[in-house]
Amino acid sequence: PPAMSRRVVRQSKFRHVFGQPVKADQMYEDIRVSKVTCDSSFCAVNPKFVAIIVESGGGGAFIVLPLAKTGRVDKNHPLVTGHTAPVLDIDWCPHNDNVIASASEDTTVMVWQIPDYVPVRNITEPVVTLEGHSKRVSIISWHPTARNVLLSAGCDNLVILWNVGTGEMLLALDDMHTDLIYNVGWNRNGSLLVTTCKDKKVRVIDPRKQQIIAEKTKPHDGTRPIRAIFVADGKIFTTGFSRMSERQLGLWDLNNFEEPIALQEMDTSNGVLLPFYDADSSIVYLCGKGDSSIRYFEITDEAPYVHYLNTYSSKEPQRGMGFMPKRGLDVSKCEIARFFKLHERKCEPIVMTVPRKSDLFQDDLYPDTPGPEPALEADEWLSGKDAEPILISLRDGYVPIKNRELKVVKKNILDSKPPPGPRRRHSTCDSDYSQPALEEVLEEIRALKETVQAQEKRISDLENKLCQFTNGTD
């Protein structure tokens, strides 16, 4: 019959992706991973550091380890401790590998500057504390392309967008969610959000217009939590449960939210599936909390649209999972994803590889990928501008940038009030400054600038020397 002439095996360079744990000495051992019951991933990684939410008596803490600091973690290793109740979510800034945000049961969000060297004592002072939620904050997520824009969502059913550079609230999205928010995700350029909620709705929101532009009630019929993320071309990928409590995945088109492009049953486990998406390969990895496996699928334009690739299986269940951004991977080994799997007392990196015989750079596996430079400033984004991520090539691998300080300039509330009455018309240009005096001031500013730059260089040289001394020691 003619049906037999169809290609039986789908062509894909990702068909043979396989996962492998690192050797025992490449794991991070003796970490007291947090036992808080919360569906967050508990782990955040970037090309410099791995951060893990840990148990801490009386407050909330997370540990930050330089990636190279594998093996046993010293029991006195400093923690980041500033929250007065458990930390529920952490997220590294995509535009500064030394800046991390944390959300806590104490209703605050804190943003931290992590030095390149391992500090001697706990880090207790955040760069900025963001206060605006009235209940615990369980979700945070940085804007993918705008500098210093951070989203937080709390159990007060409120989503807040912050400008971390000024410590100000930019937008508050209230009256949109009638119940607990399960997750929030940005699209690729940060112009839209997708949220899932206990009221069984998936919403697509334009945060700047404060409008819900599409919504779907019950994409999965079951009562357990749903997750949703944006994938390529503005489609939405969801995980949830059927009426019979089977775990499902779904793919949806915003322009036709009624019918799924794909809806597949998977198994009857009861852990919520956390989806991790790699836009460069169009692969979605599904990690269930409490599962001992990672399933992965390729999303394409051909039916059935969501193609099962394989499952990485192990014996130990995962308590949480970190996902390395593309620029932190080893391109010489054809690594296309790296997970950081949390156990009860350790963190185990798992490497996903495409088998290739050649040692050359495989440009089909590594298209240019988002780099660490933001495409927009916070106020540009707020005023309505959008920009795609600024891409970098991984041909020669990615070398992390040295520590850049996050500067927070709190605006003085008095500055924004116009002076009373009609005096406003006098501009400073009318005042009695003489030209030479102005030149003198400018010259002084120039000299001060040079001094500051020289001092900054000296500080970073000293930091680097310090790094060299401390790298080899515990």
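Residues numbered from 1 in each chain as written. Predicted model: local features only at pLDDT ≥ 70, side-chain atom pairs only at ≥ 80, totals over all residues. Heavy atoms only, no water.

As recorded in an unreviewed UniProt entry, the protein chain goes by Coronin and comes from Struthidea cinerea. The UniProt entry for the protein chain carries the following text under Sequence similarities (unreviewed entry): "Belongs to the WD repeat coronin family." (UniProt positions renumbered as here; feature names shortened; annotations may be inferred.)

A. Structural view of the UniProt feature "repeat: WD" (unreviewed entry) in the protein chain. With numbering aligned to this structure, UniProt lists the feature "repeat: WD" (unreviewed entry) at residues 80–114, 130–172 and 174–215. Taken as a whole, residues 80–114 contains 0% helix and 63% strand, while its terminal C-alpha atoms sit 9 Å from one another. Here residues 174–215 runs as 0% helix and 52% strand, with 16 Å between its end C-alpha atoms. (Helix = DSSP H or I, 4+ residues; strand = E, 2+ residues; numbered from the N terminus.)

B. Representation of the sheet that holds strand β7 (residues 80–83) in the model. Spatially, 4 strands are ordered β3-β4-β5-β7 in an open sheet, and the strand pairing comes out antiparallel. A single partner strand is all that each edge strand has here, and the edge strands are β3 (43–45) and β7. The sheet shows a mean angle of 20 degrees between the axes of neighbouring strands, taken without regard to direction. Pairing of strand β4 (residues 49–54) with strand β5 (residues 60–66) involves 6 bridges; the strand directions are antiparallel. If you follow F49 over to β5, its bridge partner there is P66. (Pairing = 2+ DSSP bridges. Axes fitted to C-alpha atoms, helices over the stretch in contact; angles between N-to-C directions.)

C. Local environment of the packing of aromatic side chains. Scanning all chains against the criterion turns up 13 aromatic pairs. Aromatic pair F276 and F323: ring centres 5.4 Å apart, planes at 45 degrees, arrangement tilted. Of this pair, F276 sits in strand β24 (residues 273–278) while F323 sits in strand β28 (residues 320–323), placing them 47 residues apart in sequence. Taking the centre distance of 5.7 Å and the plane angle of 75 degrees together, the rings of F276 and F339 count as edge-to-face. Separated by 63 residues along the polypeptide, F276 in strand β24 and F339 in strand β29 (residues 335–342) bring together distant segments of the chain. For F276, a relative accessible area of 13% corresponds to the buried category. Grouping aromatic residues by their ring pairs yields a cluster made of F276, Y285, Y296, F323 and F339. Note that R224 overlies the ring of F241, its terminal NZ or CZ placed 5.1 Å from the centroid. (Phe/Tyr/Trp six-rings, centres within 6.5 Å; stacked < 30°, edge-to-face > 60°. Buried < 20%, exposed > 50% of the residue type's maximum accessible area, 1.4 Å probe, protein only. Lys NZ or Arg CZ within 6 Å of the ring centre and 35° of its normal.)

D. Local environment of a nonpolar patch on the surface. On the surface, L438, V441, L442 and I445 cluster together into a nonpolar patch covering about 320 Å² of accessible area. Tracing the backbone shows L438 in helix α2 (residues 435–471). When its relative accessible area of 38% is taken as the criterion, L438 is described as partly exposed. (Patch = residues over 30% accessible without salt bridge, like charges linked within 9 Å, V, L, I, M, F, W, Y side chains within 5 Å. Areas by Shrake-Rupley, 256 points an atom, 1.4 Å probe, with all protein chains shown as cover. Salt bridge = Lys/Arg side-chain N within 4 Å of Asp/Glu carboxyl O.)

E. Up close: the sheet that holds strand β18 (residues 201–206). Pairing within the open sheet is antiparallel, and its 4 strands lie in the order β16-β17-β18-β19. What marks the edges here is a single partner per strand, and that holds for β16 (181–186) and β19 (211–217). Strand-to-strand twist in this sheet, taken as the mean axis angle between neighbours without regard to direction, amounts to 20 degrees. Bridging between strand β17 (residues 193–197) and β18 involves 4 bridges; their strand directions are antiparallel. In the strand pairing of β18, V194 is matched with V204.

F. Quick peek at the nonpolar core. Among the nonpolar cores identified, the biggest contains 36 residues, and I31, V50, I52, F62, I114 and F340 are the most heavily contacted of them. Where this core is concerned, the elements lending two or more residues are β3, β4, β5, β8 (87–92), β10 (108–113) and β29. Per-element tally for this core: the top contributor is β4, with 6 residues. Residues contacting I52, with those up to four places away along its chain left out, are I31, V33, F42, C43, F62, I63, I90, L342 and C347. (Core = buried A, V, L, I, M, F, W, Y, C linked by side-chain atoms within 4.5 Å. Contact = heavy atoms within 4.5 Å.)

G. Representation of the environment of W186. Tracing the backbone shows W186 in strand β16. Taking relative accessible area as the criterion, W186 reaches 11% and is therefore assigned buried. The spacing of W186 and I205 is 19 residues in sequence and 9.7 Å in space, taken between C-alpha atoms. A polar contact is formed between the side chain of W186 and the side chain of S141, at a distance of 3.4 Å. Reaching out from W186, the side chain makes a polar contact with the backbone oxygen of W142 at a distance of 3.2 Å. (Polar contact = N/O pair within 3.5 Å; in protein donor to acceptor, adjacent residues only side chain to side chain.)

H. Layout of empty space enclosed by the protein. On inspection of all chains with the given rule, the structure shows 3 cavities of 30 Å³ or more. Size it by volume and the largest cavity reaches roughly 100 Å³. Around the largest cavity, the lining is made up of 14 residues, and of these V64, H77, I114, P119 and I123 lie nearest the centre. A breakdown of the residues in the lining of the largest cavity according to their chemical character gives 12 nonpolar, 1 polar and 1 charged. Roughly 60 Å³ of volume is contained in the second largest cavity. Considered class by class, the residues forming the lining of the second largest cavity number 3 nonpolar, 3 polar and 3 charged. (1 Å grid on protein atoms, 1.4 Å probe; cavity = no way out; pocket = protein on both sides within 12 Å on 5 of 7 lines; lining within 4 Å. Points joined across faces, edges and corners; volume = space filled by probe spheres on them. Nonpolar A, V, L, I, M, F, W, Y, C, P; charged D, E, K, R; others polar.)

I. Just unusual backbone geometry, in detail. In this model, A303 is joined to P304 through a cis peptide bond whose omega is 0 degrees. Mapped onto the elements of the fold, P304 is located in the loop between β26 (293–299) and β27 (306–313). You will see that F42, though not glycine, has its phi angle at about 65 degrees, which is positive. Despite not being glycine, K200 has its phi angle at roughly 70 degrees, a positive value.

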